[in-house]
Amino acid sequence: MIYQRSSALFAAAQKVIPGGVNSPVRAFKAVGGDPIFVKEAKGAYLYDEDGNRLIDYINSWGPMILGHAHVPVVNAVVEKAKKGTSFGMPTEIETQIAELAVSMVPNIDKIRFVNSGTEACMSAVRLARGYTKKDKIIKFAGCYHGHSDSFLIQAGSGAVTFGSPNSPGVTRGTAKDTLLARYNDLEHVESIINSNKDEISCIIIEPVAGNMGCIPPVKGFLEGLRSLCDMHNILLIFDEVMTGFRLAIGGVQELLNVDADIVTFGKVIGGGLPVGAFAARQEIMNHLAPLGPIYQAGTLSGNPLAMAAGLAMLIELHKNPAIFKSIADKTEYLHKGIAAALEQYNITHTINRLGSMISVHFDKDPVVDFESAAKGNNDMFKKFFHGMLENGIYIAPSAFETWFITEALTYKDLDETIAAVHKVVKTL
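Residues numbered from 1 in each chain as written. Predicted model: local features only at pLDDT ≥ 70, side-chain atom pairs only at ≥ 80, totals over all residues. Heavy atoms only, no water.

*Asks:* What should I look at first to understand the overall build of the protein in this one?
*Replies:* The secondary structure content of the protein amounts to 15 helices and 14 strands. Its C-alpha radius of gyration of 21 Å places the protein within 12% of the 22 Å reference for a compact globule of 428 residues. Classification of the 428 residues of the protein by burial places 56% in the buried group. Considering only residue pairs separated by 6 or more positions, the protein has 72% of its internal contacts joining residues 24 or more positions apart. (Helix = DSSP H or I, 4+ residues; strand = E, 2+ residues; numbered from the N terminus. Rg over C-alpha atoms; globule rule 2.2 N^0.38 Å. Buried < 20%, exposed > 50% of the residue type's maximum accessible area, 1.4 Å probe, protein only. Contact = heavy atoms within 4.5 Å.)

Now the structure itself:
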C-alpha cells in the first residue's frame, strides 16, 4: 500500500505537535515507520488519506463497539449540536444518561461525568483517599489508568512502549504513596497490605487488563482482592474505562460477579466522544462536592454532545443485549482462525481473549502479568504488524495493547483477516 500523503502529513505535524501526535502510541515508535492519517471511517473500516481501506481492530481504542459513524449516535450528536455545544450549566440529558447507566451497572447508585478516563481514575482515587482518610494506593504493574502522576509507575501500554514506566515529572512524594503489585498475584498484594497496615486507601485495577495485551484475571484473583479490601477497610476500584459496557451490559462486575466499591468508565460510555465517568454507592459518592468536602470539577463535564453520543450508544446496547454474545462469538472465531494459521507455520505464540477483547503474544508461555507480557518477541510483532497493515488490516501499533472487536465486523471481514494472517506468517 502507498502512504505518501500520510507521511507528508506526519512530517508537517512534527513541526507543530510534539512527536507529530497528540497521544504517544499513535507515533508508531514501537513498530517503526510513519503513522497512518485517517480521513474517515464507517462501520468496520478506516479510510486513510491515501485512499486505502483498512479493517479496523482498535476501533478508537474501544468505544466503537457498534462500528464507526453508527447512525443513531451520529444523528444524536448532530441534533444536539444544532441547539448549542456547551453551556456550563446543567442539562436534562445528563440525568437521562446517568439514570440509564446506573440501571445497567450493578452496585452503583450515583455517577459523575468527567472528560476522560484519566480524569475519571484520578477523581476515583481522590474520592477513595478522602473517604477512607488514608493516602496510599495499590496499583498493578502493567495496568494503565491514565497519565495522572499517581498512575505513572510501571503503567503499561504507551509508557512501556517508550521504555519509561516511571515518567520524569512524577515527584518522589507521589511515587512513595503508590505501591506496585503483580497482576494475578494475590499473595503479593496481601504482603503489601501487611507491610502498610492501615495506610492504604484503595486498590485500583483493570479487572481485565488491556494495556499489556488482553490479560484476564485468573480464577479467584478478583474475589481475593474483594476479600482483602473488606478485611482491611480498603476500597476496591475497578477501572472499566475499556471493559465497561463492552464485556457485558454491567461490565466486569456483572460478567464475573465481583463487586467493586468505585467504578470508572470511558470509551463506550461516550459513544466515541471525549468522556469519562466514575460511580459508586450513595454513601461514597455523597462525599463529593457540593454535598461533601471532596472537590472535583470540570468546565466541560457533562458536555451535551458527549452526553448525546453516550446516551444513544447505551440505548442501543440496552435494547440489544445479544450484541455482547455476538461480538464475543466473532472474537472466538477470529481467535481460532489466527491460532490455526500460527500453528500451521510453527510460530510460537499465546493468544489471550475475553469477550470482545483479544491479543496475540509471540511467546510460548502463558501471559498473565506485566512480566510475562514483556517477554514476547517484539521484533516478530513489528513484522507481523507491518505485514497485516500491508494486507489492509489495522491492529494496535504496540504489542502491549488489546484488540477490540466491533459488531460491525462481518464474518467475511474476519475471514479476510485470517487469510491475511496466513499470508503474513509465512514470512515471519
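*Asks:* Quick question: what am I supposed to make of the confidence of the model for the protein here?
*Replies:* Any segment with low pLDDT has predicted coordinates that should not be analysed in fine detail. Per-residue confidence for the protein gives a mean pLDDT of 94, with 96% of residues at or over 70. The low-confidence segment residues 155-165 (pLDDT under 50) makes 25 contacts with residues lying over four places distant or belonging to another chain. (pLDDT = per-residue confidence, 0-100.)

*Asks:* Even after reading the chapter, I still don't get the pairing of strand β10 (residues 276-280), so can you show me in this structure?
*Replies:* For a regular strand, side-chain orientation follows a simple rule: the groups alternate between the two sheet faces. Among the five residues of β10, five are classified as buried, and the element is accordingly described as predominantly covered. Side chains Gly276, Phe278 and Ala280 project from β10 onto one buried face, and the interleaved Ala277 and Ala279 project onto a second face that is buried too. Relative to β10, strand β4 (residues 110-114) runs antiparallel, the two sharing five bridges. What sits directly across from Phe113, in β10, is Ala277. With five bridges joining them, strand β9 (residues 262-266) and β10 adopt antiparallel strand pairing. In the sheet register, Ile262 faces β10, and the bridge partner there is Ala280. (Pairing = 2+ DSSP bridges.)

*Asks:* Is there a simple way to explain the state of the cysteines in this structure?
*Replies:* In a disulfide, the sulfur atoms of two cysteines are covalently bonded to one another. Throughout the structure, instances matching the rule amount to zero disulfides. No disulfide involves Cys143; its nearest neighbouring cysteine sulfur is the one of Cys121, lying 10 Å away. The cysteine Cys214 is free of any disulfide, with Cys143 supplying the nearest cysteine sulfur at 12 Å. (Disulfide = S-S within 2.5 Å.)

*Asks:* Can you walk me through the nonpolar core in this structure?
*Replies:* Counting 71 residues, the largest nonpolar core has Phe140, Ile203 and Phe245 as its most contacted members. Per element, the largest residue contribution to this core is nine residues, and it comes from helix α11 (residues 304-319). When sequence neighbours within four positions are dropped, the list of residues in contact with Phe245 reads Ile65, Ala101, Met104, Val105, Gly251, Phe265, Val268, Ile269, Leu314, Leu317 and Phe324. Listed in part, the 43 residues of the second largest apolar core include Val31, Phe362, Phe381 and Met388. (Core = buried A, V, L, I, M, F, W, Y, C linked by side-chain atoms within 4.5 Å.)

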